[in-house]
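So you can see what is in the structure, the chains are spelled out below.
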Amino acid sequence: MDRSAEFRKWKAQCLSKADLSRKGSVDEDVVELVQFLNTRDQFFTTSSCAGRIVLLDGGINGFEVQKQNCGWLLVTHKPCEKDDVIVALKKANGDATLKFEPFVLHVQCQQLQDAQILHSVAVDSGFRNSGITVGKRGKTMLAVRSTHGLEVPLSHKGKLMVTEEYIDFLLNVANQKMEENKKRIERFYNCLQHALERETMTNFHPKIKEKNNSSYTHKKQKKTEKAHAQCITKENDKELENDDDDLGINITIFPEGY
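Treat the numbers as computed from the prediction; the structure is a model and nothing was measured.

**Digging into the pairing of strand S2 (residues 52-58)**
Argument step 1. In terms of residue burial, S2 counts as a mostly covered element, since 7 of its 7 residues are buried.
Argument step 2. Of the pairings in the sheet, the one linking S2 to strand S6 (residues 95-101) comprises 7 bridges and is antiparallel in character. Each bridged residue has a counterpart across the sheet, and for Ile53 the counterpart in S6 is Phe100.

Encoded structure:
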């Protein structure tokens, strides 16, 4: 079986499976993005989360929550109110931790160059912790991730260790992160559409592709940089610069199983 046929087989198998996530469906804020990727021949999504605020009750190893041993006291993909957290905390018996988990998306790509396009768009959109995994069987996976999460312990052995005022402060921070997370998703979706349109135009016009690979390479690079700049608004430039210092890295290859 050739690579293209094998990829189509993997895609059909993956998209035909039942959604085994806790929610059982794709999050509202990323439905269009997921559907868009799955309609393209060279991609299919394997998992996603639009971003969420969660309150977990369980053991803590340092500051790392072991989710498999935790009770889920509260989960929301929308801004969270203090009263909801206070009510949920009354159910805590162990060490309750408030977390904001940003958008994450896993996409299997037909070829490495397809993953590189998505990776470039992801990084330019603010998801600076994104990376590519190339498996032994030739599976190429792209993980879209960022670093603007939040994780704070609130109680120990069922006893609240912070004030309600501090909880209110934390939720303001978490809700701001949720809002920024949503902006980055929208930016990623818009820039991805433009990037794939450009790629399609290049593939349909071999002469343009040939020119871009020779004497027009430098000119194309300038246009690409300009297009990327248009996708990142001036309002978010400073925030993105502060989010991660690895601006010079275009591709990160993670080991399989990362």
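**Let's talk about the sheet that holds strand S10 (residues 150-153)**
Argument step 1. The strand order S5-S2-S6-S10 describes an open sheet built from 4 strands, whose pairing is antiparallel. Each end of this open sheet is capped by a strand with a single partner; those strands are strand S5 (71-76) and S10. The sheet shows a mean angle of 15° between the axes of neighbouring strands, taken without regard to direction.
Argument step 2. The sheet contacts of helix H3 (residues 82-89) involve S2, S5 and S6, and relative to S5 the element is tilted by about 170°.

**As for the nonpolar core**
Argument step 1. The biggest cluster of nonpolar side chains holds 27 residues, and the ones touching the most others in it are Leu33, Leu37, Phe103, Leu105, Val144, Phe188 and Leu192.
Argument step 2. Breaking this core down by element, the ones donating at least two residues are helix H2 (31-38), strand S7 (104-109), helix H4 (112-124), strand S9 (140-144) and helix H5 (164-204).
Argument step 3. Examining the composition of this core, we find that 7 residues originate from one element, H5, more than from any other.
Argument step 4. Sequence-distant contacts of Phe188, defined by excluding residues within four places in its chain, comprise Leu33, Leu105, Leu118, Val121, Ala122, Ser125, Phe127 and Val144.
Argument step 5. Listed in part, the 21 residues of the second largest apolar core include Leu73, Ile86, Ala96 and Leu171.

The rules behind each value
Note that residues are indexed from 1 along each chain, following the sequence as it is written. Side-chain atom pairs in this predicted model are given and counted only at pLDDT of 80 or more, local residue features only at pLDDT of at least 70, and totals for whole chains, interfaces and linings cover all residues. The basis for every side-chain value is the complete set of heavy atoms in the structure, and neither hydrogens nor water enter the calculation. Working definition: with a 1.4 Å probe on protein chains only, accessible area under 20% of the residue-type maximum means buried, over 50% means exposed, and in between means partly exposed. Numbering of helices and strands runs from the N terminus; a helix is a DSSP stretch of H or I covering at least four residues, while a strand is a stretch of E covering at least two. Between any two strands, pairing holds if DSSP finds at least two bridges. Working convention: axes come from line fits to C-alpha atoms, limited for helices to the stretch in contact. Angles between N-to-C directions cover 0 to 180 degrees. In this analysis, two residues are considered to be in contact whenever any of their non-hydrogen atoms come within 4.5 Å of each other. Buried Ala, Val, Leu, Ile, Met, Phe, Trp, Tyr and Cys residues form a nonpolar core when they are joined through side-chain atoms within 4.5 Å.

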